[in-house]
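These are the residues of each chain, in order.
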Amino acid sequence: MAETYPHKEVIEKTSIYLPEVATLREKRPMTPFDTYFSFELRDHSLGHRPGQFAEISIPGIGEAPISVSSPPATDNRFEMVIRKVGTVTSAIHSLEVGEKVGVRGPYGTSFPMEALKGSSLLFICGGIGLVPARSAIKYALEHRDDYKNISILFGCKDPAQRLFVDELEQWKQRDDIVFYETVDTTDLSTYLEMSHMDLSYRGPVDEWKSKKWKDNVGVITTLFPKLDYVDPRETYAIVVGPPVMYKFAIMNLHDMELSDDHIILSLERRMKCGVGKCGHCQIEDIYVCQDGPVFYYNDISYIKGVI
Amino acid sequence: MELLKISKKNFLSFVDKKMSEKKSRIVGVIQKGSHFVFDDLQSSKDLRLDYDVTILPPKKYFQPQKEVMLKFAPKNVESYVAVNSYDPITIFGIHYYDLAAIYLMDRAFSDGDGDEHYIKKRENSLLIGSYPQKHFKQRFSRSVVKDQYYKVADLMLVDMGDEYVIEVVSEKGKNYLKGSQLKKNTYSLKQVEEAKTHIKDDQKLPVTVDIASEFLTRNYYHSVWKYFGDKCFSCGSCVFVCPTCYCFDVCEEIDLTLAAGQRIKVWDGCMLENFAVVADGHNFRRDRADRFKHRTFRKVKYLPDRYRYFGCVGCGRCADACTADIAGPNKVFKYILEKQ
Ligand SMILES: Cc1cc2nc3c(=O)[nH]c(=O)nc-3n(C[C@H](O)[C@H](O)[C@H](O)COP(=O)(O)OP(=O)(O)OC[C@H]3O[C@@H](n4cnc5c(N)ncnc54)[C@H](O)[C@@H]3O)c2cc1C
Ligand code: SF4
Ligand code: SF4
Ligand code: FES
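Residues numbered from 1 in each chain as written. Chains lettered and ligands numbered in written order. Predicted model: local features only at pLDDT ≥ 70, side-chain atom pairs only at ≥ 80, totals over all residues. Heavy atoms only, no water.

**Notes on the interface of chain A and chain B**
For step 1, the next point in the chain: Counting residues at the interface gives 47 residues for chain A and 63 residues for chain B.
For step 2, the next point in the chain: Both faces considered, chain A and chain B share a buried interface measuring about 4900 Å² in area, 52% of it formed by carbon and sulfur atoms.
For step 3, the next point in the chain: At the junction of chain A with chain B, the criterion picks out 7 salt bridges.
For step 4, the next point in the chain: Across the salt bridge formed by arginine 42 of chain A and glutamate 78 of chain B, the nearest N and O atoms sit 2.7 Å from each other.
For step 5, the next point in the chain: Where chain A meets chain B, there are 27 residue pairs in polar contact (both at pLDDT 80 or more).
For step 6, the next point in the chain: Split into classes, the residues belonging to the side of chain A that touches chain B amount to 20 nonpolar, 11 polar and 16 charged.
For step 7, the next point in the chain: Across 3 bridges, the pairing between strand β1 (residues 9-11) of chain A and strand β5 (residues 76-85) of chain B is antiparallel. Bridge pairing links isoleucine 11 of chain A to valine 83 of chain B in β5 of chain B. (Contact = heavy atoms within 4.5 Å. Buried area = accessible area lost by both parts, 1.4 Å probe. Salt bridge = Lys/Arg side-chain N within 4 Å of Asp/Glu carboxyl O. Polar contact = N/O pair within 3.5 Å; in protein donor to acceptor, adjacent residues only side chain to side chain. Nonpolar A, V, L, I, M, F, W, Y, C, P; charged D, E, K, R; others polar. Pairing = 2+ DSSP bridges. Helix = DSSP H or I, 4+ residues; strand = E, 2+ residues; numbered from the N terminus.)

**Quick word on the sheet that holds strand β13 (residues 263-266) of chain A**
Residue and element names in this part refer to chain A.
For step 1, the next point in the chain: The sheet built from 7 strands is open, its strands ordered β11-β10-β9-β8-β12-β13-β16 with mixed pairing. For this open sheet the edge positions go to β11 (216-217) and β16 (294-296), each flanked by a neighbour on one side alone.
For step 2, the next point in the chain: Taken together, the 3 bridges between strand β12 (residues 235-240) and β13 define a ladder with parallel strand orientation. From the neighbouring strand, isoleucine 238 faces β13, where its bridge partner is isoleucine 264.
For step 3, the next point in the chain: On top of the sheet, helix α3 (residues 165-173) reaches β9 (150-156) and β10 (178-183); it is set at about 135° to β10, its chief contact.
For step 4, the next point in the chain: Against the sheet, helix α6 (residues 243-255) makes contact with β8 (120-126), β12 and β13, and its axis sits at roughly 165° relative to β12, the strand it touches most. (Axes fitted to C-alpha atoms, helices over the stretch in contact; angles between N-to-C directions.)

**Re the domain arrangement of chain B**
All names here are of chain B.
For step 1, the next point in the chain: Partitioning chain B into domains gives domain 1 (2-63 + 83-197) and domain 2 (209-246 + 270-339).
For step 2, the next point in the chain: For domain 1 versus domain 2, the separation of C-alpha centres amounts to 28 Å.
For step 3, the next point in the chain: In this assembly, 30 residues from domain 1 lie in contact with 27 residues from domain 2.
For step 4, the next point in the chain: Regarding the contact of domain 1 and domain 2, the summed buried area is about 2400 Å², with carbon and sulfur atoms giving 60% of it.
For step 5, the next point in the chain: Across the contact surface, domain 1 and domain 2 share 3 salt bridges.
For step 6, the next point in the chain: For aspartate 210, the salt bridge identified is with lysine 146, shortest N-O distance 3.2 Å.
For step 7, the next point in the chain: Our enumeration of links across domain 1 and domain 2 arrives at 13 residue pairs in polar contact (both at pLDDT 80 or more).
For step 8, the next point in the chain: Of the residues assigned to the side of domain 1 that touches domain 2, the class counts are 16 nonpolar, 6 polar and 8 charged. (Domains from an automatic or database assignment.)

**Structural notes on the pattern of salt bridges**
For step 1, the next point in the chain: What the rule picks out here adds up to 52 salt bridges over all chains.
For step 2, the next point in the chain: The salt bridge partner of aspartate 249 of chain B is lysine 272 of chain A, with a shortest N-O separation of 3.3 Å. Of the two residues, aspartate 249 of chain B sits in strand β11 (residues 248-254) while lysine 272 of chain A sits in the loop between β13 and β14 (282-283), which places them in two different chains. Lysine 272 of chain A shares its class with aspartate 249 of chain B; the two are buried.
For step 3, the next point in the chain: What you see here is one network of salt bridges that share partners, running through Arg162, Glu169, Lys172, Glu181 and Asp215 of chain A. (Buried < 20%, exposed > 50% of the residue type's maximum accessible area, 1.4 Å probe, protein only.)

**Comments concerning helix α3 (residues 116-123) of chain B**
All names here are of chain B.
For step 1, the next point in the chain: The element α3 is extensively covered by neighbouring structure, given that 6 of its 8 residues are classed as buried.
For step 2, the next point in the chain: Looking at the packing, one finds that the buried side of α3 touches β4 (66-73), β5, α2 (96-110), β7 (125-130) and β12 (261-267).
For step 3, the next point in the chain: The opening residue of α3 is aspartate 115, an N-cap whose side-chain oxygen sits 2.9 Å from the backbone nitrogen of histidine 117.

**Points about the site of ligand 3**
For step 1, the next point in the chain: Taken together, Phe140, Cys242, Pro243, Arg295, Lys299, Cys312, Val313, Gly314, Cys315, Gly316, Cys318 and Pro329 of chain B form the complete shell of residues around ligand 3.
For step 2, the next point in the chain: Taking a 2 Å distance to the grid points as the criterion, the majority of the atoms of ligand 3 fall inside the second largest cavity. (Near = heavy atom within 4 Å. 1 Å grid on protein atoms, 1.4 Å probe; cavity = no way out; pocket = protein on both sides within 12 Å on 5 of 7 lines; lining within 4 Å. Sits in = over half its atoms within 2 Å of the grid points.)

**A word on the site of ligand 1**
For step 1, the next point in the chain: Close contacts around ligand 1 come from 23 residues, with Pro65, Arg83, Thr89 and Glu268 of chain A together with Ala279 of chain B the closest.
For step 2, the next point in the chain: Of the chains in the model, those with residues near ligand 1 are chains A and B.
For step 3, the next point in the chain: Contact between ligand 1 and arginine 269 of chain A: a nitrogen atom at 3.2 Å from a main-chain N or O atom of the residue.
For step 4, the next point in the chain: Burial of ligand 1 by the protein chains amounts to 85% of its free accessible area of 830 Å².
For step 5, the next point in the chain: Of all the secondary-structure elements, those providing two or more residues to the shell around ligand 1 are β5 (62-67), β6 (77-83) and α1 (87-93) of chain A.
For step 6, the next point in the chain: Looking at the shell around ligand 1 element by element, the count peaks at 5 residues for β5 of chain A.
For step 7, the next point in the chain: Looking at the shell around ligand 1 residue by residue, the class counts come to 13 nonpolar, 4 polar and 6 charged. (Areas by Shrake-Rupley, 256 points an atom, 1.4 Å probe, with all protein chains shown as cover.)

Dropping the structure here:
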């Protein structure tokens, strides 16, 4: 095609797609597939609220939306836990401390911690759902006096997939909160068959082969009966987990007479741009990257197949 | 709105003069084989304002099929720069329904955090619209477009036979006309209106736009979705040719030399099978019927809910491109009405 006019390429200073630079300061494997990362921005704090996410870039590989796992901070650090599932997440896993990534964000809605002041909080976290929930849990614990009862239920597949184990222990010890956890199974034999997976970090698998799990076994809803009376008028449930968990968690919350406007959830969808342009995250008329990922359930319960 | 007129002969020399000035890239509708396309004009003689429809809408100038957003040196995070590539551009002969679609794109890309890559391209454009002079068997624009196209047009050309009446819509358009052989309009408003609308559409949306959204919502569980979904090949043709489909994918490209890379936007569409797949393989819109329904609802409900205007401009391109003959949103309405 003949071009009659010379092409002009300009630098855009303010592009919404342009990442900033952050440096990896700390990295620590948590489970065979999940690794903890602490990043530092150069001269300002990320400025996120609990439940928001950011897009992490590796030049030449791509970008992935990842939840911020730390509570809002005044320094320039923020934490993430990333599961190795594909191209971008593998590239992030192979970074060394001191190496850099691109960051865009924070994006999306957050857990309404201000609005929840004076209420009781019931966290229901499944597997990697603990990662975004942790920013809200830590925030609530830092502002313990602002909230009434705080209860945390955490469930994951097996003992080797527990995240933030030191913090789980601390939460268990605290007498000003309620913490229960469960695993779906104590059987670790599946890891032996996972030769296709790079189990570079076998720590927790080896540990739990010799150690015996003494806590609850069963899906997360088996923890509900352990809770004391939950007052549905003053309690808000914050639910984050894999798609299958939502339906059952919400059924149980309804049994406890929590109404849909007392149920807050964080949804995962395919995301690309993170800024409401590319269309990938749309569920009906909602853009999850902007109208979510955190929703009051009553705002989205009308949508078929939303959970 | 000011109305002026110009003889067709003088209009063509006006276009030639603009081309020789080289102040902007000049694009118009030209014939390619048995079809029409928007392309760079080589001469005003190539301009075909009597076209039925173009293969692609002019969205390609504001959101190219593949567009570089960032450049970088691989592995070097410090090297990211955002780039934008555009020329001042003047486009001749955009039918009013395609202008209505540009209005929606403008809203979407400037909503919330504005997308500079799109906005700059639009700011550097001048849009000269027109009204269809030829039938197109799939078109139903009259029943879905109101007068929102005036919000983006700079000038509109009305074909009066030997002359054009020019509707001067914007200040920018008025300035563009300076130095051309214009006369005062001598036609009555009725004559002008007749010339704008004398080509009737061959199709129409069988319900009025004001109730379309509610009508479709009532039929959320209608058998039409499965019936059409079963016929769909998920080829995506309907979204690529659509002037109001602007979803995109974000991809990474590395030069063969491995010394430079770029992050690009590429056209993507919700009718394609993997559009909503996440990392573990879960597909949030797995069934073709769900994808077909999403696309239709986006046009008829989601876009109007956000931007007040109907999200389909009735150009009929999708219906023309679809081998299964199901893509025209008007066909969904027709089917539902017939089954009631
Ligand atoms: C709001 C939000 C928060 C998230 N938080 C976390 C987190 O805290 N920790 C974590 O480990 N993971 C999180 N994810 C999932 C993570 O974004 C995907 O696992 C990741 O994008 C997969 O990319 P990949 O290139 O490694 O995988 P691949 O399978 O190679 O991905 C292929 C392509 O699909 C896209 N893709 C696949 N799944 C997703 C997805 N779920 N969302 C967006 N794009 C996807 C990728 O962008 C990539 O281009 C979150 C996702 C969302 C939407
Ligand atoms: S053009 Fe037709 S067959 Fe192809 S995706 Fe669209 S509706 Fe389906
Ligand atoms: S949906 Fe079809 S008729 Fe409507 S604007 Fe898009 S291509 Fe044109
Ligand atoms: S991720 Fe692009 S629109 Fe939400």
